[in-house]
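# Structure assessment
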Amino acid sequence: MSPSAQRDYATTQRPQIAVVPLTAAFAEVASALHEEGFEDCWDADAIIRLLDVPGAFGFLAFRPGNEANHDKDEPLGFVLIQSVLDEAEIVTIVVGRQARQSGVARKLLSAVFDRLRDKRIGRLLLEVAEDNAPAIALYLQYGFEEVGRRKNYYRRKSGREVDALVMEHTHGHCVLGWGD
Ligand SMILES: CC(C)(COP(=O)(O)OP(=O)(O)OC[C@H]1O[C@@H](n2cnc3c(N)ncnc32)[C@H](O)[C@@H]1OP(=O)(O)O)[C@@H](O)C(=O)NCCC(=O)NCCS
């Protein structure tokens, strides 16, 4: 490969979605993403407080910028988890509007599952509004199953109340990869 072709390759073949641990340094970025997904969005301080809880961790997905064109990294989405002993909960997962339906949530969940395997955590729970079809489809695809319902758990700005489905990862340790 000629040097110029190598340069082109290096600048064009960057991964489209990269994932890094979510730290307090990304709290502002995460807050801006959260605003794109939820009516009651969290400010940076709220995200820092959540990350400070023992057992909390998260991941930020971004599209790496192209240094040759002075492009900046573009934040795509993030996920925040809390874990206690052998159980974890998805506190939130959100993908920026422009980046949806391009595999960002899948990438974030894969990073979560890898971490759960490392921490030997076999149970993953979450709550999702019963009218949130994209999120429910995502969780079903990943093997979550509805295990409960919290009546009128969410209240929309319009005043409408919506049930939350409680979902659990059904296959436990085996699907997380360390039980078999
Ligand atoms: C739910 C959400 C995180 C999905 O993120 P995403 O990056 O668009 O999802 P992906 O592209 O990784 O899609 C993975 C799977 O999710 C499901 N999915 C995602 N968006 C969907 C949509 N609009 N309609 C139906 N299914 C959808 C599909 O099963 C998809 O798999 P496929 O590509 O093989 O069809 C995103 O829509 C979002 O941020 N929503 C607002 C915040 C929110 O509701 N978070 C969940 C709170 S519980």
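Bear in mind that the values here come from a model prediction, so they are computed numbers and not experimental data.

### Digging into the pattern of salt bridges
Considering all chains together, one arrives at 11 salt bridges under this definition. Between Arg 149 and Glu 130 there is a salt bridge whose closest N-O contact spans 2.7 Å. With Arg 149 in strand β6 (residues 144-155) and Glu 130 in the loop between β5 (123-129) and α5 (133-141), the pair connects residues that are 19 residues apart, well separated along the chain. Take Arg 149: its relative accessible area is 44%, and that puts it in the partly exposed class. What makes Glu 130 partly exposed here is its relative accessible area of 38%. Note that Arg 156 is salt-bridged to Asp 131, the shortest N-O span being 2.7 Å. Here Arg 156, found in the loop between β6 and β7 (161-169), pairs with Asp 131, found in the loop between β5 and α5; they are 25 residues apart in sequence, far enough to count as distant.

### Quick word on unusual backbone geometry
Here Leu 85, not a glycine, exhibits a phi torsion of approximately 50°, which is positive. Mapped onto the fold, Leu 85 is located in the loop between β3 (74-84) and β4 (87-95). What makes Leu 85 exposed here is its relative accessible area of 79%. Non-glycine residue Arg 120 carries a positive phi angle of around 55°. Given the relative accessible area of 52%, Arg 120 is considered exposed.

### Things to note about the nonpolar core
One broad rule of soluble globular proteins: the nonpolar side chains tend to lie buried together. Counting 32 residues, the largest nonpolar core has Ile 90, Tyr 139 and Phe 144 as its most contacted members. Only β2 (56-63), β3, β4, α4 (104-118), β5, α5 and β7 provide two or more residues apiece to this core. If one sorts the elements of this core by residue count, α4 sits on top with eight residues. Beyond its immediate stretch of four places on either side in the chain, Tyr 139 contacts Ile 90, Ile 93, Leu 126, Val 128, Phe 144 and Met 167. Within the second largest apolar cluster, 11 residues are counted, among which are Leu 60, Phe 78, Leu 80 and Val 94.

### Let's talk about the site of the ligand
In the vicinity of the ligand, 21 residues are found, and the nearest of them are Ile 93, Val 95, Gln 101, Gly 103 and Asn 132. Contacts to the ligand include Val 95, whose backbone N or O atom sits 2.8 Å from an oxygen atom. Within the contact set of the ligand, an oxygen atom lies 3.0 Å away from a backbone nitrogen or oxygen of Ala 105. For the ligand, the accessible surface in isolation is 920 Å², of which the surrounding protein chains cover 76%. Judged by its atoms lying within 2 Å of the grid points, the ligand is housed in the largest pocket. Elements represented by at least two residues in the shell around the ligand include exactly β4, α4, β5 and α5. Residues that form the shell around the ligand fall into these classes: 12 nonpolar, six polar and three charged.

What counts, and where the lines are drawn
- Residues numbered from 1 in each chain as written.
- Predicted model: local features only at pLDDT ≥ 70, side-chain atom pairs only at ≥ 80, totals over all residues.
- Heavy atoms only, no water.
- Salt bridge = Lys/Arg side-chain N within 4 Å of Asp/Glu carboxyl O.
- Helix = DSSP H or I, 4+ residues; strand = E, 2+ residues; numbered from the N terminus.
- Buried < 20%, exposed > 50% of the residue type's maximum accessible area, 1.4 Å probe, protein only.
- Core = buried A, V, L, I, M, F, W, Y, C linked by side-chain atoms within 4.5 Å.
- Contact = heavy atoms within 4.5 Å.
- Near = heavy atom within 4 Å.
- Polar contact = N/O pair within 3.5 Å; in protein donor to acceptor, adjacent residues only side chain to side chain.
- Areas by Shrake-Rupley, 256 points an atom, 1.4 Å probe, with all protein chains shown as cover.
- 1 Å grid on protein atoms, 1.4 Å probe; cavity = no way out; pocket = protein on both sides within 12 Å on 5 of 7 lines; lining within 4 Å.
- Sits in = over half its atoms within 2 Å of the grid points.
- Nonpolar A, V, L, I, M, F, W, Y, C, P; charged D, E, K, R; others polar.

No statement about biological role is implied by the geometric values presented.
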